[in-house]
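Observations on chain architecture
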Amino acid sequence: MKKRFPFTSFPNGWFRISYSHELPPGGVKPLYYFGKNLVLFRTKQGSPHVLDAYCPHLGAHLGYGGHVEGETIQCPFHGWCFNKYGKCTDVPYANKVLPNVQINTWHVREINGLIFVYYHAQGEAPKWELPQIHELTSKEWTQLKQGSQCQINSHVQELHEQVVDIAHFPTVHSDHSTKSQGSEIDGSVWKQRLLSRQALEVAKLNLQIETQIEIILYGLGYSLQRYSISGIGQLQFILLFLTTPVDEEYLEIHMLISVKSFFTKTIASALTPLLLKVLKDEVEKDFPIWKNKLYRTHPILCDGDGEITRYRYWASQFYSELAEISNNNSPK
Ligand code: FES
Ligand SMILES: [Fe+2]
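What you see is a predicted model, and the numbers here were worked out from it, not measured in a lab.

The rules we used
Residues numbered from 1 in each chain as written. Chains lettered and ligands numbered in written order. Predicted model: local features only at pLDDT ≥ 70, side-chain atom pairs only at ≥ 80, totals over all residues. Pairing = 2+ DSSP bridges. Helix = DSSP H or I, 4+ residues; strand = E, 2+ residues; numbered from the N terminus. Axes fitted to C-alpha atoms, helices over the stretch in contact; angles between N-to-C directions. Buried ≥ 20, exposed ≤ 12 C-beta atoms within 10 Å, placed from the backbone. Domains from an automatic or database assignment. Nonpolar A, V, L, I, M, F, W, Y, C, P; charged D, E, K, R; others polar.

Remarks on the sheet that holds strand β7 (residues 81-82)
As summarised here, the arrangement of the 4 strands in space is β5-β6-β7-β8, forming an open sheet in which the pairing is antiparallel. With one partner strand each, in any of the chains shown, β5 (67-69) and β8 (88-90) form the two edges of the open sheet. Judged from the 2 bridges that link them, β7 and β8 form a sheet pairing that is antiparallel. Counted as the bridge partner of cysteine 81 is aspartate 90 from β8.

Structure representation (structure tokens):
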């Protein structure tokens, strides 16, 4: 079968794999991402860890029936224990633990109530980190609320390309006013600014609504979007748009939102589900396009198409096999 994209479905970088609240101390969770079976567990002391799922002994899946013993996870089949480094620390019925028994481990971070792993095709350690969102530690902002989650047959790079593809806003989103205010690249970070100005008549009042949007991509799994809408007061909210490859064909999308106190915190809390619904509806308008389109490596672009070429060049750093080619071949 012909590959749909000319690059792997699993770019290098940080990707969401769980919510913190889904994993209490001692918790164990089977995962399937990047076409691999994994196990996520939280030790009694509280740190989350991810290992490849299958026990090196006789192959049991540690995520189904495995349990946490102190700082290790114990296999449900014959009780071998593995620590956070993937090393076997105990075989309950043997006098000696074999010295070189090892399960592959993953780099894990827990930030703002979310758990991430670092995927790298060659297993290299992370060279960059995800941010702490400082607003979320402020009492002025509502707790990060989990919105929709879904799977779609597409590619994480395609989904985030919409950040620069401003020409699709009028046709897909009926948005004729949002314009790019430029972008900045800083290594693995793409920062995009958008601005929309609209006149709105409400109860015989002519309101000028200005929406400023800052979208910061940290790799191809994490999009932090800050919205600031002025007109009647100042409505500010943050959207996290997180994408994780599941297998060669499918990826998972999670959306979360936090709203800044708007007149009162009660109003902000009441607005949260409404905003989530609006944002989810907008994203879903892209779904039929994403599901059915093909990827054009050399698209025909005109002025007004936005920075698609520059975005693709930036994105190429997340593919081990493309990074070297791109380094010698940057766009002007
Ligand atoms: S299969 Fe895991 S201990 Fe035997
Ligand atoms: Fe879109």
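Read on, since the account is not over.
Considering the sheet that holds strand β4 (residues 48-52)
Strands sit in the order β1-β10-β9-β4-β3-β2 across an open sheet of 6 strands; the sheet is antiparallel. With one partner strand each, in any of the chains shown, β1 (13-19) and β2 (28-33) form the two edges of the open sheet. If you compare each strand with its neighbour and ignore which way they point, the axes differ by 30° on average. Bridge count between strand β3 (residues 36-42) and β4: 5 bridges; the pairing is antiparallel. Within the sheet, the bridge partner assigned to leucine 38 lies in β4 and is aspartate 52.

Considerations on unusual backbone geometry
Phi is positive for phenylalanine 34, close to 55°, though the residue is something other than glycine. Summarising the element assignment, phenylalanine 34 is placed in the loop between β2 and β3. Unlike most non-glycine residues, asparagine 112 shows phi in positive territory, near 50°. You can see asparagine 112 is positioned in the loop between β9 (105-111) and β10 (114-119). We classify asparagine 112 as partly exposed; it has 18 C-beta atoms within 10 Å.

Thoughts on the domain arrangement of the chain
One can read the domain layout of the chain as domain 1 (13-119) and domain 2 (134-316). Of note, the centres of domain 1 and domain 2, computed from C-alpha atoms alone, are 34 Å apart. Looking at the side of domain 1 that touches domain 2, the elements that each hand over two or more residues are β1 and β2. With 6 residues, β1 is the largest single contributor of residues to the side of domain 1 that touches domain 2. Among the residues making up the side of domain 1 that touches domain 2, the classes are represented as 7 nonpolar, 4 polar and 1 charged.

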